[in-house]
Amino acid sequence: MANLANTTKKSTNSWGTGLVFFALAILATGVLIIQLDTFETVAYPMHELGKPVVVPARKNAASLPGLEKIGMGQLIGAEDVAYEPKTGLVYTGCGDGWIKRVTLKDSAGDTVVENWVNTGGRPLGIAVADSGDVFVADAFKGLIKVSIDGEIEVLTTEAEGVKLGFPDGVVVAKNGMVYFTDGSYKYGYHETMSCLLDGRPHGRLVSYDPLTKQTKVLARDLYFANGVELSPNQDFVIFCESFMMRCSRYYLQGERKGSIDVFIDGLPGFPDNLRYDGEGHYWLAIAWDNSFLTQVTMRYPFVRKVIAFGLKHLQKMPTLMKFGGVMELDLDGKPIGGYFDDTWRFTTSGFKIGEHLYLGSLGRPYFLRLNLTQNPPVGGTL
């Protein structure tokens with residue numbers, strides 16, 4: 001009987017050991033398959049990430065009183081917001097290729113949305129020049145100008161011999177110079193996640209001179225170049241690097257002309273569009289928060305390789321983000337306040353018109369309109 005018990009125990013131990021080795025073999029095979037995949041990832045320069053800033057923000061902003069939905073069902077994926085004060089019209093580019101003109105009313109239900117011009121691409125960043133012409137960073141078509149009469153002109157599709165891969169943000173100076181970002185010259189609009197998982201800097205800050213028709217790269221090797229805005233005096237241009245969670249300044253005039261420094265870093269997530277409100281403040285959209293899963297993904301190249309493998313072969317990936325929103329900054333880049341909510345992920349722009357803040361998004365079929373007088377942007381610490 002004792003011998004039978006010992007034999008049974010040895011068999012059980014042997015079976016258990018075999019199961020462990022089998023599991024390890026499967027794991028090792030999986031790791032090997034992933035390692036042999038052709039998609040390569042590299043380390044991000046984590047040492048360059050700034051110390052996290054403290055944002056005195058309102059959380060759960062979706063429950064604030066007076067929050068309205070503008071253009072419900074007509075503004076699908078309205079990524080950026082531009083305002084023409086002479087006519088009172090708002091311009092935005094949507095996911096169906098249309099540049100929409102929006103006539104705002106006191107009542108959200110009375111808002112008029114017009115299909116103005118279809119670029120045949122994916123209009124993202126948008127800006128209105130003093131002339132009334134509308135400039136668009138179209139992810140598929142390049143840098144575009146649309147005249148007051150609605151005539152489309154493609155201004156450039158390359159910069160210094162390298163094709164634009166992902167035109168994203170745009171702003172126009174008073175002298176007519178256009179500044180825009182190329183998020184990545186390697187990855188296009190539908191490859192944003194691959195760009196994040198790769199870990200290499202393929203973004204650029206670019207200028208276009210309408211007089212000489214010359215396109216010039218001002219800053220290169222950027223980690224997904226995104227929103228762009230001019231200073232009030234137009235002596236520097238601010239550009240955002242989403243994956244490094246920072247915005248920097250490129251100086252256009254003075255002794256520092258051509259140099260770059262940090263405007264704000266240590267942001268609570270990936271910055272998108274940045275807009276100046278004419279009243280001493282910038283509004284910076286945070287599309288994607290720096291969640292724990294995001295931090296792990298950014299820090300470890302192999303984790304990104306695993307995610308890339310799943311995205312490529314299984315068309316699945318984990319949800320890395322928790323919330324999104326918008327921040328208010330002073331002229332020196334110091335946070336003043338903000339609004340964030342779990343339902344505001346992929347918020348891509350914030351534009352102040354009068355006493356209201358208008359929020360664009362890749363994920364919503366409308367603008368959000370928030371009354372700032374009723375809801376000043378100061379609350380609990382984010």
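The present account deals with the structure reproduced in this document. (Residues numbered from 1 in each chain as written. Predicted model: local features only at pLDDT ≥ 70, side-chain atom pairs only at ≥ 80, totals over all residues. Heavy atoms only, no water.)

## Thoughts on helix 3 (residues 292-299)
Side chains of residues three or four places apart in an α-helix project in the same direction, reflecting 3.6 residues per turn. Using the following cut-off: Exposure is judged per residue with a 1.4 Å probe applied to protein chains only, and the accessible area is read against the type maximum: over 50% gives exposed, under 20% gives buried, and values in between give partly exposed. Note on conventions: DSSP H or I runs of at least 4 residues are helices, E runs of at least 2 residues are strands, and numbering of each starts at the N terminus. Starting at the helix axis, one direction is taken to each C-beta atom, and the arc is that of these directions. The contact criterion used throughout is that any non-hydrogen atoms of two residues lie within 4.5 Å.
All of the buried residues in helix 3 are T294, T297 and M298. The buried side chains of helix 3 occupy one side of the element, clustering within an arc of 95° when seen end-on. Where helix 3 is buried, its residues contact helix 2 (192-198), strand 21 (269-276), strand 22 (282-289) and helix 4 (301-313).

## Describing unusual backbone geometry
Phi at F224 takes a positive value of approximately 60°, unusual for a residue other than glycine. Within the secondary structure, F224 sits in the loop between strand 16 (214-222) and strand 17 (225-230). Positive phi, normally seen in glycine, also occurs at F346, with a value near 70°. Classification of F346 by relative accessible area gives partly exposed; the value is 35%.

## Things to note about the environment of E158
The condition is simple: Polar contact is defined as a pair of N or O atoms within 3.5 Å, subject to the rule that within protein one atom must be able to donate a hydrogen and the other to accept it, and that residues adjacent in sequence are counted only when both atoms are side-chain atoms.
Positionally, E158 belongs in strand 11 (residues 158-159). In this structure the C-alpha to C-alpha distance between E158 and L143, which are 15 residues apart in sequence, comes to 9.1 Å. Beyond its immediate sequence surroundings of up to four residues, E158 is in contact with K163, L164 and T215. A polar contact of 3.3 Å, which involves the side chain of E158, links it to the backbone nitrogen of E160. Separated by 2.6 Å, the side chain of E158 and the backbone nitrogen of G161 make a polar contact.

## Concerning the environment of G254
Among the structural elements, G254 can be located in the loop between strand 19 (246-251) and strand 20 (260-264). Judged by relative accessible area, G254 falls into the exposed class, the value being 58%. It is 7.8 Å that separates the C-alpha atoms of G254 and D235, two residues lying 19 residues apart in sequence.

## Section: the pattern of salt bridges
Test applied: By definition, a salt bridge exists where a carboxyl oxygen of Asp or Glu is found within 4 Å of a side-chain nitrogen of Lys or Arg.
For the structure shown, the criterion picks out 13 salt bridges. A salt bridge links R101 to E114; the nearest nitrogen and oxygen atoms lie 3.2 Å apart. On the criterion of sequence distance, the pair formed by R101 in strand 5 (residues 98-103) and E114 in strand 6 (residues 112-118) is long-range, its members being 13 residues apart. Classification of E114 as partly exposed rests on a relative accessible area of 33%. With a closest N to O distance of 3.8 Å, K145 and E153 form a salt bridge.

## Section: the packing of helix 3 against helix 4
Formally: All axes here are fitted lines through C-alpha atoms, helices being fitted over the stretch that makes contact, and every angle between N-to-C directions spans 0 to 180 degrees. Comment on the angle field: the value is read as roughly parallel under 35 degrees, roughly antiparallel over 145, roughly perpendicular from 65 to 115, and oblique elsewhere.
With their axes 5 Å apart at the nearest point, helix 3 and helix 4 run at an angle of 105° to one another. With respect to their mutual orientation, helix 3 and helix 4 come out roughly perpendicular. Each of V296, T297, M298 and R299 in helix 3 lies in contact with helix 4, whose residues at this interface are P301, V303, R304 and I307.

## Quick look at helix 4
The test is simple: Helices are assigned an expected span. That span is 1.5 Å times one less than the residue count.
Look at helix 4: 18 Å from first C-alpha to last across 13 residues, which is about the 18 Å you get at 1.5 Å a residue. Immediately downstream of helix 4, the backbone of Q315 shows phi near 55°, a positive value.

## Quick notes on the sheet that holds strand 24 (residues 335-341)
For clarity, the threshold we go by: Whether two strands pair depends on DSSP finding at least two bridges between them.
Judged by pairing direction, the sheet is mixed, and its 5 strands sit side by side in the order 1-24-23-22-21 without closing on themselves. Of all strands in the sheet, those with a lone pairing partner are strand 1 (57-58) and strand 21, marking the two edges. Bridge analysis of strand 21 against strand 22 gives 6 bridges, and the strand direction is antiparallel. What sits directly across from Y276, in strand 22, is Y282.

## Considering the sheet that holds strand 16
Pairing between sheet strands relies on hydrogen bonds along the backbone, with the strands arranged either parallel or antiparallel. Strand order across the open sheet formed by 4 strands is 13-14-15-16, with antiparallel pairing between neighbours. Only two strands of the sheet have a single partner each, and these edge strands are strand 13 (167-172) and strand 16. Across the sheet, the mean angle from the axis of one strand to that of its neighbour is 20°, orientation sign disregarded. Bridge analysis of strand 14 (residues 178-182) against strand 15 (residues 203-209) gives 5 bridges, and the strand direction is antiparallel. Looking at strand 15, one finds that V178 is bridged to Y208.

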